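Below are the chains, spelled out letter by letter.
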Amino acid sequence: FLKTNKVFALLILFLLLFVLFEATIRPLSSWDGWSSWGMRAKAISFDGKVTIDQFQYLQTEYPLVAPLYSVFVYGVIGGENDSAILVVSWFFYMLIGAVAFLSVSKKTNNQFALFVTFLILSSQNLIRHGGRYEGGLADIVMAYFVLVIIVSLLSFIDNKACGVNIIGKLHELQKSRG
């Protein structure tokens, strides 16, 4: 029983390290990253502020949250670096795993929670958007917010807890479609 927990914990750790490694060695390679939020992030970083010209020139359906994440990373590392943006995707990939584990472990035992977390984190789509291949910054953040909304809704149903409306509004800031 304890050995199984260690195996799943090591597999999850391997997945997290693998996706982080892949995120740090690859440049941004998705079209959305180049043309939408990545270009807008570079324009905001270059200008030092959000301007109306950026909205007129870079017409995109993405809200400002994804580019502002990128601008924050640019500020932390001291310049534009497309590979560093993928680390933000990895961070949300890791948060999805943490939320999955914590929410499942509340209702079941740790072994089942580790198994479910491993299944979720080993999903090829999440690995891809977590930084392995594409800059799925907007998509993985939206997936995180949807997961938090579902967990909060289930918690509300179980415990009559508050906070679902606030969390529900957060995903509207991220992406207007999809």
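Heads up: the structure comes first, above all this text.
If you're wondering where the values come from, they're calculated on a predicted model, not measured in any experiment.

### Description of the packing of aromatic side chains
Within the structure shown, the criterion is met by eight aromatic pairs. Taking the centre distance of 5.8 Å and the plane angle of 80 degrees together, the rings of Phe91 and Phe92 count as edge-to-face. Owing to a relative accessible area of 7%, Phe92 belongs among the buried residues under this scheme. Taken together, a centroid distance of 6.5 Å and an interplanar angle of 40 degrees make the contact between Phe112 and Phe115 tilted. Here the residue Phe112 and the residue Phe115 both occupy positions in helix H6 (residues 110–121), the gap between them amounting to three residues, near one helical turn. By relative accessible area, Phe112 is classed as partly exposed at 42%. In this structure an aromatic cluster arises from ring pairing among Tyr69, Phe91, Phe92, Tyr144 and Phe145.

### A few points about the environment of Asn109
Tracing the backbone shows Asn109 in the loop between helix H5 (82–107) and H6. Of the polar contacts made by the side chain of Asn109, one reaches the backbone nitrogen of Phe112; its length is 2.9 Å.

### Re the layout of surface pockets
The computed volume of the largest pocket comes to approximately 350 Å³. Together, 16 residues line the largest pocket, and Ser103, Lys106, Val151, Leu154 and Ser155 are the ones closest to its centre. Contributions of two or more residues to the lining of the largest pocket are made by H5, H6 and helix H8 (137–159). Looking at the lining of the largest pocket, the element that brings in the most residues is H8, giving eight residues. For the lining of the largest pocket, the per-class residue count stands at nine nonpolar, four polar and three charged.

Criteria and thresholds
Residues numbered from 1 in each chain as written. Predicted model: local features only at pLDDT ≥ 70, side-chain atom pairs only at ≥ 80, totals over all residues. Heavy atoms only, no water. Phe/Tyr/Trp six-rings, centres within 6.5 Å; stacked < 30°, edge-to-face > 60°. Buried < 20%, exposed > 50% of the residue type's maximum accessible area, 1.4 Å probe, protein only. Helix = DSSP H or I, 4+ residues; strand = E, 2+ residues; numbered from the N terminus. Polar contact = N/O pair within 3.5 Å; in protein donor to acceptor, adjacent residues only side chain to side chain. 1 Å grid on protein atoms, 1.4 Å probe; cavity = no way out; pocket = protein on both sides within 12 Å on 5 of 7 lines; lining within 4 Å. Points joined across faces, edges and corners; volume = space filled by probe spheres on them. Nonpolar A, V, L, I, M, F, W, Y, C, P; charged D, E, K, R; others polar.

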